[in-house]
Amino acid sequence: MNTPTSLKDKKIVLGISGGIAVYKTVMLLRLLQKAGAEVQVVMTPNAKEFVTPVTFSSLSGKPVVSEFFTANSGEWHSHVDLGLWADLMLIAPATASTMAKMANGVADNMLITTYLSAKEPVMIAPAMDLDMWKHPSTQRNLEILKKDGVMIVEPQSGYLASGLTGKGRMAEPEDILKSVEEYFSRSQSLKGKRVLVTAGPTYENIDPVRFIGNYSSGRMGFEIASELGKRGAEVVLVAGPVNLDFNLGDNIKRIDVCSAKEMYEVSRKEFPEVDFAIFSAAVADYAPEEYSDSKIKRENLSNLTIKLKRNPDIAAELGKIKTRQKTIGFALETDNEIENAKKKLIKKNFDWVVLNSMNDPEAGFMKDTNKITMISSEGEVLPFAAKSKKEVACDIIEFLERYNTNE
Ligand code: C5P
């Protein structure tokens, strides 16, 4: 059973759109309040057809916001103020239409304008008929919303109002409450901690148009930074050249660099101030010894030899000067994987190393999934199943949370 104060002092905007599942939202409001939350209800015009606003205003102790203006007085309801007030916006039920409007910024009602002004994180509990849920349009909107950082409480399978059976039922109020509670406990777990994350490839310039680089997309590091931010950490993300459409949170300072040398210099400067560092960048090991200011002309050469010099090993250099910092590195191996990863852990003075095997079809560069084994300096070896890079980021961060005792 939930402790009655798990949401004490939390302010929640409860957005309600028009589906039959609105009747469950009455119970959800009660549960949020019992857990200690202060709730402001915002309803779409359609939602009011299912359950009257009087039910929600009586229970929440606040007038329901639904129109842009109060008809008689002309009083304007500020969606911007709501966005500043709330710690979380929860939309339950979220209909297919509301999801589509959210994904595309169609601000034709108070719920969507509130969403577009929301400074706080947003969670939705979709509810609709099974065919509407499965429709490519809904699934496309769902992906857009996930990418925009919206948290999803997945609908459940079962008997639907249409008489059909399948996936589309809004999650039960108790399950939605659990997701809200989990979000708030997660969002505090790294509050006050500073974390350095390196991500992406590095490019080592040969001349103004050519470089030596690698295929790293940077996605793993960006997922890690984004998840750290959601847990309240202050993140410095040192990113090589990446081409990612990524919505990072407010507490992430992104510093773009190009070469390994630049990545080293920025990381070296930030490192003394951080509690944790995660080295997920695929740093080029070598750079051209000489850089040509003008484009090297093919006509002037019978053949071209590029002399290379070693780049700084960022993780190893910072490993030498680490004091209180806990560090996590990556190892991408092709053979003797565990043994090589352990060697890397010692050489670079990591507390944990994340091993991904090149032999694994679900791991590596340019993929959306990863399959890792976590290895600790104390000898623990913990294999994980293949997961999305977002889920892998969450798994890795759990190891940092172990150290987060504030001693
Ligand atoms: O030695 P290897 O490149 O396999 O080590 C991988 C780990 O070391 C990764 O965590 C990577 O980010 C880090 N690294 C680094 N600087 C380098 C090379 C690797 O920080 N020059």
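Our subject is the structure that appears above.
Rules behind the numbers
Residues numbered from 1 in each chain as written. Predicted model: local features only at pLDDT ≥ 70, side-chain atom pairs only at ≥ 80, totals over all residues. Heavy atoms only, no water. Helix = DSSP H or I, 4+ residues; strand = E, 2+ residues; numbered from the N terminus. Buried < 20%, exposed > 50% of the residue type's maximum accessible area, 1.4 Å probe, protein only. Contact = heavy atoms within 4.5 Å. Areas by Shrake-Rupley, 256 points an atom, 1.4 Å probe, with all protein chains shown as cover. Lys, Arg positive; Asp, Glu negative; His and termini not counted. Charge placed at Lys NZ, Arg CZ, Asp CG, Glu CD. Phe/Tyr/Trp six-rings, centres within 6.5 Å; stacked < 30°, edge-to-face > 60°. Salt bridge = Lys/Arg side-chain N within 4 Å of Asp/Glu carboxyl O. Expected span 1.5 Å × (residues − 1). Pairing = 2+ DSSP bridges. Right-handed = clockwise from strand over helix to strand, strands pointing away. Near = heavy atom within 4 Å. Polar contact = N/O pair within 3.5 Å; in protein donor to acceptor, adjacent residues only side chain to side chain. Nonpolar A, V, L, I, M, F, W, Y, C, P; charged D, E, K, R; others polar. Axes fitted to C-alpha atoms, helices over the stretch in contact; angles between N-to-C directions. Arc of directions from axis to C-beta.

Engineer: Mind laying out the overall build of the protein, listing which residues take part and the relevant values?
Structural biologist: Across its full length, the protein holds 13 helices and 21 strands. Seen through its principal axes, the protein has C-alpha atoms that stretch 80 × 55 × 45 Å. When burial is assessed residue by residue, the protein has 48% of its 407 residues classed as buried. For the protein, the proportion of contacts with a sequence separation of at least 24, taken over those separated by at least 6, is 68%. Entry remark: accessible area of the protein is about 20000 Å², with carbon and sulfur atoms responsible for 51%. Averaged over its 51 positive side-chain charges, the protein has a centre that lies 2 Å from the centre of its 54 negative ones.

Engineer: Now, about the packing of aromatic side chains: what can you tell me, with residues and values included?
Structural biologist: Going through the model one piece at a time under the given rule, you end up with 5 aromatic pairs. Ring pairing ties together the aromatic residues W352, F384 and F399, which thus form one cluster.

Engineer: Lay out the pattern of salt bridges in plain terms, naming residues and giving numbers.
Structural biologist: Within this structure, the stated rule accounts for 27 salt bridges. The residue K146 makes a salt bridge to E143 at a minimum N-O spacing of 3.7 Å. You can see K146 and its partner E143 sitting in helix α7 (residues 136–147), 3 residues apart, about one turn around the helix. Given a relative accessible area of 44%, E143 falls into the partly exposed group. As a salt-bridge pair, E227 and R231 come within 2.9 Å of each other at their nearest N and O atoms.

Engineer: Give a description of helix α9 (residues 219–230) that names residues and reports values.
Structural biologist: Residues separated by three or four positions in an α-helix point in the same direction, a consequence of the helix having 3.6 residues per turn. Over its 12 residues, α9 extends 16 Å from the first C-alpha to the last, a length consistent with the 16 Å expected when each residue adds 1.5 Å. By the criterion of burial, α9 is predominantly enclosed, with 10 of the 12 residues buried. Turning to α9, its buried residues are M220, G221, F222, E223, I224, A225, S226, E227, L228 and G229. Following α9 by one or two positions, G232 adopts a phi angle in the positive range, close to 95 degrees.

Engineer: Can you explain the pairing of strand β16 (residues 326–333)? Please cite residues and give values.
Structural biologist: Most of β16 sits out of view: 6 of its 8 residues are buried. Taken together, the 4 bridges between strand β13 (residues 276–279) and β16 define a ladder with parallel strand orientation. Residue pairing for β16: A277 is matched across the bridge by T327. Of the pairings in the sheet, the one linking β16 to strand β17 (residues 352–357) comprises 6 bridges and is parallel in character. Across the sheet, residue F330 finds its bridge partner in β17, namely V354. Handedness of the crossover joining β16 and β17 through helix α12 (residues 337–347): right-handed.

Engineer: Residue-level account of the site of the ligand, with values.
Structural biologist: Taken together, F279, A281, V283, P312, D313, I314, A315, G329, F330, K344 and K348 make up all the residues around the ligand. Here an oxygen atom of the ligand and a backbone polar atom of F279 are 2.6 Å apart. Interatomic distance of 2.8 Å between a backbone N/O atom of F330 and an oxygen atom of the ligand. Summarising the interface, the protein chains cover 85% of the accessible area of the ligand, which totals 440 Å² for the free molecule. Where the shell around the ligand is concerned, the elements lending two or more residues are α11 (314–320) and β16. Of the residues contributing to the shell around the ligand, the split by class is 7 nonpolar, 1 polar and 3 charged.

Engineer: So what about the sheet that holds strand β11 (residues 234–239)? Which residues, and what values?
Structural biologist: Taken together, the 8 strands give an open sheet; going across it, the order is β12-β11-β8-β13-β16-β17-β19-β20, and neighbouring strands pair in mixed fashion. Only two strands of the sheet have a single neighbouring strand rather than two, namely β12 (252–256) and β20 (381–383). Each strand of the sheet is rotated relative to its neighbour by a mean of 15 degrees, with strand direction disregarded. Here α9 sits on the sheet in contact with β8 (194–199), β11, β12, β13 and β16, set at roughly 165 degrees to β11. The sheet contacts of helix α10 (residues 260–270) involve β8, β11 and β12, and relative to β8 the element is tilted by about 170 degrees.

Engineer: Give me α12: which residues, what numbers.
Structural biologist: Those residues of α12 that sit buried are N340, A341 and L345. Buried residues along α12 cover an arc of 145 degrees about the axis, so they all sit on one side. Along α12, the residues that are exposed and aim more than 90 degrees away from the buried face are K343, I346 and K347. Against the buried residues of α12 lie β16, β17 and β19 (372–376). Two residues or fewer past α12, N349 is found with a positive phi of approximately 60 degrees.

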